[in-house]
Structure formats: C-alpha cells, structure tokens
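Per-entry structural report
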Amino acid sequence: MKESQTNPNPRMESKKSIPPYMKAISGSLGGIVEACCLQPIDVIKTRLQLDRTGNYKGIIHCGTTVSHTEGVRALWKGLTPFATHLTLKYALRMGSNAMLQGAFKDSETGKLSNRGRVLAGFGAGVLEALVIVTPFEVVKIRLQQQKGLSPDFLKYKGPVHCASTIIREEGLFGLWAGAAPTVMRNGTNQAAMFTAKNAFDVILWKKHEGDGKVLQPWQSMISGFLAGTAGPVCTGPFDVVKTRLMAQSRDGGELKYKGMIHAIRTIYAEEGLRALWKGLLPRLMRIPPGQAIMWAVADQITGLYERRYLHSAAL
C-alpha cells in the first residue's frame, strides 16, 4: 500500500486523464462565447483580405466604413454560421486531440512526448479543417463579402440559402473550395497551439493535467493568448489564399485562382509579397484573444471535472 503511494502506477496515471467527450463539451461552450465577442474583428479581417483596390485604409477605417454604410449589425454578418462553426470546430478539435493524445501516449509509462503532442495537434487540425472549417468558412466568407443594406440586392439571403446556392451553381465540392490551404493552416496552427498551451501552463502555473488544480480564468487567458500568437504569423499566406479561393465563384465564368500554389504565385506577382500577409493584424487581434476566451471557459469546465471526478476519486 505504501509502495503504491510513493511510486504511482502508470496505468493509474492514464486513468486520471480527462475523457475526450468532456474536452469536446468544454471546447464547444468556449466557442460560443468566443464567437459572440469577436465576430466584428473577423468581418473586418475578411473585408481587408478581399480588398484589392485599397478601399479600406486600415482596421479602424474598415470597421467605421462598414458600420456607416451598412449599419452596425453588418459587423456581425455571418454570426450564425461562425458561431455554429466555432462550436462544432472546437468540439471536434478538443475531442479528437484528446483521443489522438491517448493513442500517442507511451503504453508503459502513460506519458505523452512532445512529438506525440505535436502530431496529435496537427491531426486534430487536419480533421477539423476537412469536416467543419472549410464548408462553414466558405459560407461565412461569401456572406461577409457582400456589400449593401437591402437584402433584396444581395445574392445570398442567409447561411442556408448561401450553402444551397453554392451547391446548385458550383456543385457539392464548391463548399470545400480552399480545402488545401485550410488543411495546412489548421494543422500547423493546432500543432503549435496545443504544444504551446501545455508548455505555458506548466511553466507559468505549474499546472499538469490530472493534478486537480483549476486555473483561474485570467491564468487560462494568459496561456491561451500566448499560445495563439505564433500560428497567424506562420500561416498568414495559407489564410489569405484560403479566403481568396473560398470567395471566388463561377459567376463570371473562369475562376481567377486555379488552386493553392497558383493563388500564391498570382497574388505575389500582382500584389507583392506583403499581400500574402494581408489581414495579419486583425488575425492577431482575433485569434490570440479568441484562444484566451475559449481556454478561460474550457479550463474551468475541465478543471472542475478534474477536481470533482479525478482528484477527489484518487483521494
């Protein structure tokens, strides 16, 4: 009995992990809060990325122009698909990452290596990109790029009408336009984010999964914010290309961009290297704060689960 206290059984450590369904629930609730808070920044980011003629002079000018010409509610255009998309995306991301981390853990020690953590994050990012992110972002971007006050003059009347119109005019795979850069962006982002979040929790707060310690919301927000900063800088070109590919439709005949590589070359040739990082500042204004909000909610839920069902059971 004494030996089991001083040398914990590795199998017991594997039992003291939060189940994937709890990670999925925590992520989905965090996604709802994040979407409501940060939708205007996402609208501004999309408008800036689609601005080829320099109509918008910057973030503030873009936001004020949209609100003056289209109304304040226009800053929340696409909120329904965005909130639904974030809720499902975070549920899938957190749940699949937990499952993949379990698969990559050492069978004898129950420990997860840094390599396994990176691979689990990348796999979760690829999965969410293909199943959730791409079709929802196609609809969201098509809605956000529409300009005008009267719905009668808009091509897409809402999320469902937009999706059905795309399928009718471009086929089912029209909802997966820009899938390749989305996979690259999300896979890289999540590999970095999960690894960084775990590292910051350990370094800053001495928090390890299964230890029963519940981080304060402000602690989770700091870790989440820091973990969410690297991805946008590294994956800027993928995000710009994704937006351009998703925004184009077949109304005018031939598509301007034939694919990810062709889009990168075309944007570089026509607009210069800096154009591949268009919208970076609003991305940095949205993603790190978004991760801070999401993790503040998710950590509270998983932390309470740890303390109530894992830590108390061990005691």
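Residues numbered from 1 in each chain as written. Predicted model: local features only at pLDDT ≥ 70, side-chain atom pairs only at ≥ 80, totals over all residues. Heavy atoms only, no water.

With numbering aligned to this structure, UniProt lists the feature "repeat: Solcar" (unreviewed entry) at residues 18-103, 115-203 and 215-304. Between the end C-alpha atoms of residues 18-103 the distance is 14 Å, and the span holds 79% helix and 0% strand. (UniProt positions renumbered as here; feature names shortened; annotations may be inferred. Helix = DSSP H or I, 4+ residues; strand = E, 2+ residues; numbered from the N terminus.)

Core analysis: the largest hydrophobic core is formed by 13 residues, its most contacted members being Met94, Met294 and Trp295. When residues of this core are traced back to their parent elements, those giving at least two are helix H5 (79-104), helix H8 (179-205) and helix H13 (280-314). Ranked by residue count, the leading element in this core is H5, at 5 residues. With residues up to four places along the chain from it excluded, the contact list for Trp295 reads Met94, Met193, Phe194, Lys197, Ser220 and Gly224. (Core = buried A, V, L, I, M, F, W, Y, C linked by side-chain atoms within 4.5 Å. Buried < 20%, exposed > 50% of the residue type's maximum accessible area, 1.4 Å probe, protein only. Contact = heavy atoms within 4.5 Å.)

The next thing to look at is the packing of aromatic side chains. For the structure shown, the criterion picks out 3 aromatic pairs. Relative to Trp295, the ring of Phe194 has its centre 6.2 Å away and its plane inclined at 90°; by these criteria the two rings are edge-to-face. Taken as a pair, Phe194 in helix H8 and Trp295 in helix H13 lie far apart in primary sequence, 101 residues in all. For Phe194, a relative accessible area of 6% corresponds to the buried category. Among the residues examined, Trp295 registers a relative accessible area of 8% and is labelled buried. Plain terms: the ring middles of Trp205 and Trp218 are 5.3 Å apart, the flat faces sit at 80° to each other, and that makes the pair edge-to-face. Taken as a pair, Trp205 in helix H8 and Trp218 in helix H9 (residues 217-227) lie far apart in primary sequence, 13 residues in all. A residue is classified by how much of its surface remains accessible, and Trp205, at 13% relative accessible area, is buried. Residue placement shows Lys89 over the ring face of Tyr90; its charged tip is 5.3 Å from the ring centre. Between the NZ or CZ atom of Lys197 and the centre of the ring of Trp295, over which it lies, the distance is 4.4 Å. (Phe/Tyr/Trp six-rings, centres within 6.5 Å; stacked < 30°, edge-to-face > 60°. Lys NZ or Arg CZ within 6 Å of the ring centre and 35° of its normal.)

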